[in-house]
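The lines below spell out each chain.
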Amino acid sequence: MSPETTAPRSLAEALRARDDASLTALLRSRPDLITPVPTDLTQLATRAGTRASVVRALERLDRFALQTAEALAVAPEPATYEELLGLLAGDDADPAVTAAFPHALGTLREQALVWGPDDRLRLVRTARELLAPSPQHPSPTGLGPTVAEATTGMSPGRIQEIVAAAGLATTHDAVSAVASLSGLFGDRRRMSALLDEAPADAVEVLSRLVWGPPYGQVTADPAAHLRWLIGRGMLLPTAPGTVVLPREVALHLRAGRAHRVTEPVAPAVEAATTHRPQVVDAAAAGQAYTTLATVEELLKDWHEGGPAVLRAGGLSVRDLKRTAVALDVSEPVAAFWVELAHAAGLVASDGEADERYAATPAYDEWLELPAAERWARLASAWLAATRTAGLVGGRDAKDRTLSALGPNLDRSAAPEVRHRVLALLGTLPEGSSPAPDSLLARLYWERPPRGARNPTDDLRTRLARWTLSEAELLGVTGRGALSAQGRALLGLPSSPAVPKAEASGPGAKLPAHKRHHPADRAVAGAVPRSPAEQAAAAERAARLVAPLLPEPLDHVLLQADLTAVAPGPLQRPLADTLGVLADVESKGGATVYRFTPGSVRRALDAGRSASDLHAFLAAHSRTPVPQPLAYLIDDVARRHGHLRIGAASAYVRCDDDAMLSEILADKRSQGFRLRRLAPTVLAAQADPAALLEGLRSMGFAPAAESAEGDVLITRAHAHRTPPRTAPEPVPDGPPVPDATLLGAAVRAIRAGDLASTAPRKEDPAADGPVTGELPRTSSAETLATMQAAVLTGEALWIGYVNAEGSASQRVIAPIRVEGGFVTAYDHTADEVRTYPLHRVTGVAELADDQP
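Residues numbered from 1 in each chain as written. Predicted model: local features only at pLDDT ≥ 70, side-chain atom pairs only at ≥ 80, totals over all residues. Heavy atoms only, no water.

Across the sheet, 4 strands lie side by side as 12-13-15-14; this open sheet has antiparallel pairing. Strands at the two margins of the open sheet, each flanked by one partner only, are strand 12 (557-559) and strand 14 (583-586). The average angle at which neighbouring strand axes cross in this sheet is 30°, direction not considered. Pairing analysis gives 4 bridges linking strand 13 (residues 563-566) to strand 15 (residues 591-594), with the strands arranged antiparallel. Bridging from a neighbouring strand, Val 565 pairs with Val 592 of strand 15. (Pairing = 2+ DSSP bridges. Helix = DSSP H or I, 4+ residues; strand = E, 2+ residues; numbered from the N terminus. Axes fitted to C-alpha atoms, helices over the stretch in contact; angles between N-to-C directions.)

Okay, here's the thing in structure tokens:
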């Protein structure tokens, strides 16, 4: 049997000839095709040819596979394997292209973008429309139309004149004349001889048009060298004053290449610097500790309620600046920390009428975890988040400023880019940081943006740059290199598995099936996807980083200048108490706290006595408590509570009437409108809180008291949101289906195809697949045919409309018919089912060779 009779006539027939493994690979690479599951292979082929699905598939091709598709779009249809390879490898048959070509073509076939045997290769029609050259949409190859396309509408006489000027014999019709001219331009020897006669200026014109754009402008009276080209058809008019270089001429001048630069091999990721792995891990662990301290400081700053939520959502620019100052970082870095806490579910809006941001109950649970587990939770949230902090401060499509915690920050490609960047770092030797340009070039090759010429400012490039900086801030990398805990977080092996040939440089020769993604083959499949895999990876990363994090200390070093030095992280009770008793003066490897009258009074207000503070400092200081600090505590405690303020509107009570007289005489107290009610009591027309703060600003140390006369203990009120869940990532299209779903989908499609293509016995012309409308029979005929099939055991082809009104075709073997229902083995679903007879549109017997 000849190839012509066995070649598929459509994509549906080509899919029908595939085995289950091939269909599974197609559905895995293009998961949008099974959402929902197609009823049969014809519907699958139709869906695979829709514009949205084809664009999505093209956007996920690597550079060389996309170049192969672009070359096929400018090749004759159908093209042979050798013709397509020639367009990529050129007349000199580039060996690198020749070696990589089978893999690229196999990728296009696997994704159903190309179908047909090697002697009749066809690009899916939608892909050809997207990639083929046209005046409105130039081809990425820079090629123009063929001679046949460019001469459409040209008068037969003019075509014969061109043929004669080119030295060819005139023909009896325009079609044969165009074919003769195309044959001349495609013949290397004859075309070279013709160009040898061309004026030098004409050759210069061709050299300017050869790599595109192929269009040029001419005047009504062109120069002699242009007339020479136009007269011989090397430039053909497309519109008044416009000429185009035919595709055949351009390919001759390009030595047969469709692309100026063909990129069959992925560029290698080069190492910029190398450090000892221990140094990298230690540096990353240091940043991990900084991450925990920064997030805690952020949430402590928002402890009693954070900034207000904008009406449109998010933080205002002023609040972001204030947060950046509080954290002592730049505004973009502050936006990253805020978004990280949000992604981990630690901060959210409280949902009140006066809406503010605050810590969630999950923050308190997070604080109780060991430090390593807290870091792993933050890193895992960052890795999976689609919210992109790098966009903060930019503009959206409506020219509105994008704010931290606001809407429109989700970019579904972010998790994939983060995984891929870190996976590529994992292919370098341990301790090696990448050269950023080589990393970006590799990412650009693996997923080139359609229409882009250089890897400069497309979204994926910006995401990659942000990933490198954010991974360093977070402690996933150290000194630019992937740390051991970073490898574990991604589920990568402890040592990078780099093919030896790749390690020797970009020019190293690899087998074709290994040339495109050595990093994929080393680490693909290791990136955790299921929640269980992610949890296991986070646990392993936490185990690796735990020994590298500093142990919390139970002591500080008190100094005579009223400061305390914490030489490392402090245990939580010590840190909380010291944070009330003193103010943080500086942070870094060691934290410096300063004791002031205000900070000591804050501790006394929180219910601590002077003796408590002395005992606390003595218990937690490795140095004796300095005398100035002891005097400061005693002095503030002696004056603390001497004045008592309660609600009258407010009153001041003091056993020392001289002190009350001093307050009355002070001009700064006039705003409180004080008057003496008794020798030891002053009344004020101000609320107690304002009076309390006012007298403190005047240098006194009053204490608030209750209605019973007891001193009120004031502690910071921890404001928490109601229970909140972390923001869900916005998926980049349908998720990749698992093996179970793929297997079920393939079985359903096969069974549905059997139902839709099974020939009916009563159709004498049914010698092949029939894909007509649903069978239509009367109710009586349907019932009689069903009952007969129960006796004979024959299979039937039925049309069925379900409760939602969706129609389908099924192949069933009736087992029992009673009570208005038929129970049958459904070949489509591969199970026994019961169907209401009133929903069966009709029934037909299958041909004898059908199940």
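This brings us to the side chain of Thr 294. Mapped onto the fold, Thr 294 is located in helix 17 (residues 277-301). On the accessibility criterion, Thr 294 (11% relative accessible area) is buried. Setting aside chain neighbours within four positions, we find Thr 294 in contact with Leu 327 and Trp 337. (Buried < 20%, exposed > 50% of the residue type's maximum accessible area, 1.4 Å probe, protein only. Contact = heavy atoms within 4.5 Å.)

Right, let's get into the environment of Gly 86. Its place among the elements puts Gly 86 in helix 7 (residues 81-89). Between the alpha carbons of Gly 86 and Ala 71 there is a distance of 9.6 Å; along the sequence they are 15 residues apart.

All right, on to the sheet that holds strand 23 (residues 821-826) then. Pairing in this open sheet of 5 strands is antiparallel, and the strands run 24-23-22-21-25 from one edge to the other. With partners counted over all chains shown, the strands left at the sheet margins are strand 24 (831-836) and strand 25 (840-845), one partner each. The average angle at which neighbouring strand axes cross in this sheet is 45°, direction not considered. Across 6 bridges, strand 22 (residues 807-818) lies against strand 23 in antiparallel orientation.

Moving on: the nonpolar core. Counting residues in each nonpolar core, the largest one holds 92 residues, and the members touching the most others are Leu 27, Leu 44, Met 234 and Leu 235. Here the element with the most residues in this core is helix 6 (residues 63-73); it accounts for 7 residues. If we ignore the near neighbours within four places in the chain, the residues touching Leu 27 are Leu 33, Ile 34, Leu 44, Pro 737, Leu 742, Ala 745, Val 746 and Ile 749. Counting 72 residues, the second-largest nonpolar core is a separate cluster that includes Ala 343, Leu 439, Ala 488 and Val 545. (Core = buried A, V, L, I, M, F, W, Y, C linked by side-chain atoms within 4.5 Å.)

Taken as a whole and judged by the stated rule, the model has 33 salt bridges. With a shortest N-O distance of 3.5 Å, Arg 257 and Asp 92 are connected by a salt bridge. Note that Arg 257 is positioned in the loop between helix 16 (247-253) and strand 6 (271-274) and Asp 92 in the loop between helix 7 and helix 8 (95-110), a separation of 165 residues in sequence. The exposure class assigned to Arg 257 is buried, which follows from its relative accessible area of 15%. For Asp 92, a relative accessible area of 56% puts it in the exposed group. Taking the shortest distance from any N to any O, the salt bridge between Glu 539 and Arg 543 comes out at 3.6 Å. Note that Glu 539 and Arg 543 are positioned in helix 28 (residues 531-545) at a spacing of 4 residues, about one turn of the helix. A single network of salt bridges, built from pairs that share partners, joins Glu 77, Arg 122 and Arg 128. (Salt bridge = Lys/Arg side-chain N within 4 Å of Asp/Glu carboxyl O.)

All right, on to unusual backbone geometry then. Following Glu 77, the chain continues into Pro 78 via a peptide bond in cis, with omega recorded as -5°. In this structure, Pro 78 sits in the loop between helix 6 and helix 7. Of note in this structure, Leu 562 is not a glycine but carries a positive phi near 65°. For Leu 562, a relative accessible area of 23% corresponds to the partly exposed category.

Considering every residue of the chain, the mean pLDDT works out to 84; 88% of them sit at 70 or more. In this model residues 763-771 is a low-confidence stretch, pLDDT under 50, and it forms 11 contacts with partners more than four residues away in sequence or in other chains. (pLDDT = per-residue confidence, 0-100.)

In terms of strand pairing, strand 18 (residues 675-678) meets strand 19 (residues 681-684) through 3 bridges, oriented antiparallel. Along strand 19, the bridge assignment pairs Ala 678 with Val 681. In textbook terms, the turn of a hairpin is the stretch between consecutive antiparallel strands, and for strand 18 and strand 19 this stretch comprises 2 residues.

Looking now at the packing of aromatic side chains. Scanning the entire structure with this criterion turns up 5 aromatic pairs. Ring centres 6.4 Å apart and planes at 25° place the aromatic pair Trp 302 and Tyr 357 in the stacked group. A residue pair is termed long-range when its members are at least 10 positions apart, and Trp 302 in the loop between helix 17 and helix 18 (317-327) and Tyr 357 in strand 8 (residues 357-359) qualify at 55 residues. Tyr 357 shares its class with Trp 302; the two are buried. In this structure, Arg 374 packs its charged tip against the face of Trp 366, placed 5.4 Å from the ring centre. (Phe/Tyr/Trp six-rings, centres within 6.5 Å; stacked < 30°, edge-to-face > 60°. Lys NZ or Arg CZ within 6 Å of the ring centre and 35° of its normal.)

Before going further, it helps to spend a moment on the packing of helix 17 against helix 19 (residues 331-343). For the pair helix 17 and helix 19, the least separation of the axes is 10 Å and the interaxial angle reads 85°. Judged by the angle between their axes, helix 17 and helix 19 are roughly perpendicular. In contact with Thr 291, Thr 294, Val 295, Leu 298 and Leu 299 of helix 17, helix 19 contributes Trp 337, Val 338, Leu 340 and Ala 341. Within the contact of helix 17 with helix 19, the residues separate by chemical class into 7 nonpolar, 2 polar and no charged. (Parallel < 35°, antiparallel > 145°, perpendicular 65-115°, else oblique. Nonpolar A, V, L, I, M, F, W, Y, C, P; charged D, E, K, R; others polar.)

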